[in-house]
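Secondary and tertiary structure notes
Residue-level listing of the chains:
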Amino acid sequence: MLEVKDLHASANGREILKGVDLRVKAGEVHAIMGPNGSGKSTLAHVIAGRPGYEVTRGRVLYQGQDLLAMTPEARAREGVFLAFQYPVEIPGVSNVYFLKAALNAIRKHRGQSELDAMDFLSLVKEKAKLVDIDESLVKRAVNEGFSGGEKKRNEIFQMAILDPPLAVLDETDSGLDIDALRIVAGGVNQLRTPERAIVLVTHYQRLLDYIVPDVVHVLLDGRIVKSGDKELARELEARGYEWLEASAAP
Amino acid sequence: MTPASAVDQGGAPQRLPAQSMTETDRYRTEFEAFAAGRSTPEPAWLREQREEAIARFQDRGFPTVAEEEWRFTSVAPIARTAFRRPAPGEGSGVRTADVAAFGFEGAFEGHQIVFVDGRLAPGLSSITPEGGLQICSLADVLSREPERLRSHLGRVVSDGASSFADLNAAFFEDGAFVFIPPGLAVDKPIHLVFMSSRGTGPASTISHPRTVVVAGRGSQVQIVESYAGVPGAAYLANAVTQIVLEDGAGLEHCTVQRESEAAFHVGFMAVVQGRASRFKSHSFALGGRLARNDVRQLFADEGGECELNGLFAVAGEQHSDTHTVIDHAHPHCTSRELYKGILDGKSRGVFVGRILVREGARKTDAHQTNKNLLLSREALVDSVPQLEILASDVKCKHGSTTGQLDSAALFYLRSRGIPEAAARSLLVCAFASDVVGRVRIPAVKAGIERHLREQLPGLRDREIQEAVL
Ligand SMILES: Nc1ncnc2c1ncn2[C@@H]1O[C@H](COP(=O)(O)OP(=O)(O)OP(=O)(O)O)[C@@H](O)[C@H]1O
Ligand SMILES: [Mg+2]
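Computed from a prediction, not measured in an experiment: that's the story for all the values here. (Residues numbered from 1 in each chain as written. Chains lettered and ligands numbered in written order. Predicted model: local features only at pLDDT ≥ 70, side-chain atom pairs only at ≥ 80, totals over all residues. Heavy atoms only, no water.)

1. Describing the overall build of chain A
The number of helices and strands found in chain A is 10 helices and 12 strands. For chain A, whose C-alpha radius of gyration is 18 Å, the value lies close to the compact-globule estimate of 18 Å for 250 residues. Each principal axis of the C-alpha atoms in chain A carries an extent, and together these give about 55 × 40 × 35 Å. Across the 250 residues of chain A, 56% fall into the buried class. (Helix = DSSP H or I, 4+ residues; strand = E, 2+ residues; numbered from the N terminus. Rg over C-alpha atoms; globule rule 2.2 N^0.38 Å. Buried < 20%, exposed > 50% of the residue type's maximum accessible area, 1.4 Å probe, protein only.)

Shown next, in the form of structure tokens:
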């Protein structure tokens, strides 16, 4: 599904990703852990196509296509979804209606029929339940005045609506209280299907108790320095990242 | 943030070359012809007012960028144009369909009075009688009961308006007169339409519509003024609107300026508020090649409320200048002002918002906000808040920001599958939406939204349109 090969990326002249390799197959959940500033969000942004990053080397293939050659909106229509670490507040833009436009653009691209208002609203009802988000909330302006936790739920709600084959969730667990974490994780688990690949960026082992990953990677200073199974996450929880730092040196 | 302006604020003011005598002389000559050609005799006081006005104009000439009030806007293109006053009947080519295009596509439900080139077009107007409400031609009132207008007509020029107002005072022929009797809550909104025709000659035309609105004690009304022109027509619409709110009156006013892309528009609106009156204004400056808009408000007694909202949207080489004055001359008055600007291409925008809190105007509560959105590197805006507080025990606040589209928001929308052009336009509409959203007449709100959408790429899709709150 997703293949990242020797990816080097910089922003404002500074190299942040220094050779990332990652292969994620359909049906798999990969967790990416790593200290602050190690480049996790940068990797997520480069996959989603955020302007401002320069890829200096390497490739990103998605379902065999060159992802880096595509605009962000084309990637979204092909089925790449990014749940933002810091969801953006957009006053004046309706959350559900922008989502309806997005979904129908995607459906059109997939050759599916567009949803009318009625069908869409029943979809909204159903998916809002999935992440236990208030329906009145999702109808407001995009993330405007949402609490930290509500913003994260809204990201998963959007993912549930758009139904993307590849989802990159950047610290969706940060800022959630314990109940919310359980609910959001439950929502993600329901979206865990044999057709979908999920990349979870997280700092906490706790999320991985709910969403058990197939593979855990450690990203350190722009490189994946270690990969393992869910036990690796436990080890990181106990020992921190210091013991891995030797292997991070070029 | 205020980008550096072309006129250096600190340095010596730039001077235009002295206006040639012929420029002002031309208007004097024109005035003699105008005065001689008036078929209906006017009262002596009005003739005197006109005479004084043209003399003052001759004396002052057109404003120059050396004047504080005009330092961001050069009217040289207006000064150098030899405008022609169209003869009566020249505008008869303007048809119902032309007006309908600016009449909110027939969705407007209310009274409509139409002026073409500054003169009443009875055939295009539709007014149904409503409880003593008067909506008529100013020329009509002048010929039948001129004394009713005496105190109003002289006022503007004594208000220290610019020499454009002098020109209007010298040359106005017609315009709307609206009188709302005390206590009447007018049921339907009133639409005053000022169309400019292409005229029949080669030269640009000029019109000076004058509107007087008197809202009697405790009355309530909604009034919309539209300024528009036949597409491509070159002209100057030099309008003056005077609004008086008597004690306890409530007036919601909306100006929709959609002049042709080749036109000049100069609008001056003077508002005088009586005790505990409420005035709300929504001003949309969307058209014209060069537009200048003055709003001069005065709290003439205690307890008034005033809300001024405005939006200008310009592109290409358009220039839009708004100056507002809110005059807290009496205690216990509240004002709220929100003006926004959207600038694309090489356009230029100006917002100068003055709030004056005079001595003794205690318990004044004034807020002013100005926000500008620059969509291109070459667009430029000057934003100048001016708070002058001469009283104590007051609450005053102002803020001004100028920025570009939020790149994070743009990426967020695109990352969900919204095409870039649509995402940009959506954000532009969202920026405008809190001003547009305050308009309470559905047809007018929809008309403004439609106009904005048509200027923006990528918004043809109905679904994207729906996403604007
Ligand atoms: N546009 C940019 N310009 C300059 N530096 C950047 C830019 N984006 C990210 N960086 C820097 O790159 C490094 C990696 O940032 P990134 O956001 O990818 O880290 P992260 O692993 O997601 O950290 P966290 O766990 O705190 O979210 C940081 O030092 C950050 O300051
Ligand atoms: Mg991060």
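2. Regarding the sheet that holds strand 1 (residues 2–11) of chain A
Residue and element names in this part refer to chain A. On the basis of which strands lie adjacent, the open sheet formed by 4 strands has the order 2-1-4-5 and antiparallel pairing. Edge positions in the open sheet fall to strand 2 (14–24) and strand 5 (65–66), since each of these has one partner strand only. Here 8 bridges tie strand 1 to strand 4 (residues 53–62), and the two strands are oriented antiparallel to one another. If you follow Ser10 over to strand 4, its bridge partner there is Glu54. (Pairing = 2+ DSSP bridges.)

3. Brief notes about the site of ligand 1
Residue and element names in this part refer to chain A. Close to ligand 1 lie 16 residues; Asn12, Lys40, Ser41, Thr42 and His203 are nearest. In the environment of ligand 1, an oxygen atom lies 2.8 Å from a nitrogen or oxygen atom belonging to the backbone of Gly37. In this structure, an oxygen atom belonging to ligand 1 sits 3.0 Å away from a main-chain N or O atom of Gly39. Taken by itself ligand 1 offers 630 Å² of open surface, and the protein chains cover 70% of this. Every element with two or more residues in the shell around ligand 1 is listed here: strand 2 and helix 1 (40–48). At 3 residues, the largest contribution of residues to the shell around ligand 1 is made by helix 1. Class assignment of the residues belonging to the shell around ligand 1 gives a composition of 4 nonpolar, 9 polar and 3 charged. (Near = heavy atom within 4 Å. Polar contact = N/O pair within 3.5 Å; in protein donor to acceptor, adjacent residues only side chain to side chain. Areas by Shrake-Rupley, 256 points an atom, 1.4 Å probe, with all protein chains shown as cover. Nonpolar A, V, L, I, M, F, W, Y, C, P; charged D, E, K, R; others polar.)

4. What about the pattern of salt bridges?
It is possible for side chains bearing opposite charge to pair when their charged atoms get close. Enumeration according to the criterion identifies 48 salt bridges over all chains in this entry. Residue Lys151(A) is joined to Glu89(A) by a salt bridge in which the shortest nitrogen-to-oxygen separation is 3.0 Å. Highlighted residues: Lys151(A) in helix 6 (residues 148–162) and Glu89(A) in the loop between strand 6 (80–83) and strand 7 (90–94), separated in sequence by 62 residues. A salt bridge links Lys100(A) to Glu466(B); the nearest nitrogen and oxygen atoms lie 3.5 Å apart. In this pair, Lys100(A) sits in helix 3 (residues 95–109) while Glu466(B) sits in helix 12 (residues 462–466), so the two residues belong to two different chains. Judged by its relative accessible area of 7%, Lys100(A) is buried. (Salt bridge = Lys/Arg side-chain N within 4 Å of Asp/Glu carboxyl O.)

5. Here we look at helix 2 (residues 44–60) of chain B
For helix 2 of chain B, with 17 residues, the first-to-last C-alpha span of 24 Å sits near the 24 Å given by 1.5 Å per residue. Turning to helix 2 of chain B, its buried residues number three or more, namely Trp45(B), Leu46(B), Gln49(B), Arg50(B), Ala53(B), Ile54(B) and Phe57(B). (Expected span 1.5 Å × (residues − 1).)

6. Comments concerning empty space enclosed by the protein
All names here are of chain B. Going through the model one piece at a time under the given rule, you end up with 8 cavities of 30 Å³ or more. Size it by volume and the largest cavity reaches roughly 120 Å³. Along the walls of the largest cavity sit 14 residues, with Glu225, Thr255, Gly267, Met269 and Asn293 positioned nearest its centre. Contributions of two or more residues to the lining of the largest cavity are made by strand 8 (220–229), strand 9 (235–245), strand 11 (264–273), strand 12 (278–285) and strand 13 (290–299). For the lining of the largest cavity, the residue count by class is 5 nonpolar, 7 polar and 2 charged. By volume, the second largest cavity is sized at about 90 Å³. Forming the boundary of the second largest cavity are Arg85, Pro86, Asp117, Gly118, Arg119, Phe171, Glu173, Ile206, Ser207 and His208. Taken together, the residues of the lining of the second largest cavity sort by class into 3 nonpolar, 3 polar and 4 charged. (1 Å grid on protein atoms, 1.4 Å probe; cavity = no way out; pocket = protein on both sides within 12 Å on 5 of 7 lines; lining within 4 Å. Points joined across faces, edges and corners; volume = space filled by probe spheres on them.)

7. Some remarks on the coordination of the magnesium ion (ligand 2)
Residue and element names in this part refer to chain A. Taken together, Ser41 (OG) and Gln85 (OE1) make up the full set of protein donors to the magnesium ion (ligand 2), lying 2.0 to 2.1 Å away. Within this pair, whereas Ser41 is found in helix 1, its partner Gln85 is found in the loop between strand 6 and strand 7, the two being separated by 44 residues in sequence. Taking relative accessible area as the criterion, Gln85 reaches 16% and is therefore assigned buried. (Donors = N, O, S within 2.8 Å, 3.2 Å for Na, K, Ca; no water.)

8. Considerations on the domain arrangement of chain B
When the parts of a complex come together, some accessible area is lost, and that lost area is often taken as the interface size. Residue and element names in this part refer to chain B. Parsing chain B into structural domains produces domain 1 (4–405) and domain 2 (406–469). Summarising the inter-unit geometry, the C-alpha centres of domain 1 and domain 2 are found 28 Å apart. Roughly 2,200 Å² of surface becomes buried between domain 1 and domain 2 when both sides are summed, with 75% attributable to carbon and sulfur atoms. Between Arg440 and Glu252 there is a salt bridge, with the nearest N and O atoms lying 2.5 Å from each other. Along the contact surface separating domain 1 from domain 2 lie 6 residue pairs in polar contact (both at pLDDT 80 or more). (Domains from an automatic or database assignment. Buried area = accessible area lost by both parts, 1.4 Å probe.)

9. Digging into the sheet that holds strand 5 (residues 190–196) of chain B
In a beta sheet, neighbouring strands pair by backbone hydrogen bonds and run either parallel or antiparallel. All names here are of chain B. Within the open sheet, the 10 strands sit side by side as 2-1-5-8-10-12-14-16-18-20. Their pairing is mixed. Both edges of this open sheet fall to strand 2 (119–120) and strand 20 (395–403), since each of them pairs with a single strand only. Bridge count between strand 10 (residues 250–258) and strand 12: 8 bridges; the pairing is parallel. Paired with Glu252 across the bridge in strand 12 is Lys280. Each of strand 12, strand 14 (305–314), strand 16 (334–343) and strand 18 (365–374) is contacted by helix 10 (residues 420–436), which is oriented at about 155 degrees to strand 16, the strand it contacts most. (Contact = heavy atoms within 4.5 Å. Axes fitted to C-alpha atoms, helices over the stretch in contact; angles between N-to-C directions.)

10. A short note on the interface of chain A and chain B
Facing 37 residues of chain A, the contacting portion of chain B comprises 23 residues. For the chain A and chain B pair, buried surface summed over both sides reaches about 2,300 Å², with 65% attributable to carbon and sulfur atoms. The largest share of the area that chain A buries against chain B comes from Glu73(A), Gly92(A) and Phe98(A), three residues that together contribute 21% of it. At the boundary of chain A and chain B, one finds 3 salt bridges. Summed over the shared surface of chain A and chain B, the number is 10 residue pairs in polar contact (both at pLDDT 80 or more).

11. Some details on the environment of Thr172(A)
Residue and element names in this part refer to chain A. Take Thr172: it is sitting in the loop between strand 9 (166–170) and helix 7 (178–190). Spatially, the C-alpha atom of Thr172 lies 13 Å from that of Ser147, the residues being 25 residues apart in sequence. Setting aside anything within four residues of it in sequence, one finds Thr172 in contact with Ala83, Lys152, Ile156, Val184 and Val201.

12. Remarks on the packing of helix 3 of chain A against helix 4 (residues 117–130) of chain A
Residue and element names in this part refer to chain A. Helix 4 packs onto helix 3 with a crossing angle of 110 degrees between their chain directions and a minimal axis gap of 11 Å. Regarding the angle of helix 3 to helix 4, the classification is roughly perpendicular. In the crossing of helix 3 with helix 4, the sense of the turn from one axis to the other is right-handed. On helix 4, the residues touching Val96, Leu99, Lys100 and Leu103 of helix 3 are Ala117, Phe120, Leu123 and Val124. For the contact of helix 3 with helix 4, the residue count by class is 7 nonpolar, no polar and 1 charged. (Parallel < 35°, antiparallel > 145°, perpendicular 65-115°, else oblique. Left-handed = near helix turned anticlockwise from the far one by under 90°.)

13. Examining the pairing of strand 1 (residues 111–116) of chain B
Residue and element names in this part refer to chain B. The buried fraction of strand 1 is high, at 6 of 6 residues. Relative to strand 5, strand 1 runs parallel, the two sharing 6 bridges. Following the sheet pairing, Val114 is matched in strand 5 by Val193. Note: strand 1 against strand 2, 2 bridges, orientation antiparallel. Paired with Val116 across the strands is Arg119, a residue of strand 2. The loop that links strand 1 with its antiparallel partner strand 2 comprises 2 residues; one of these, Asp117, has a positive phi angle of about 50 degrees.

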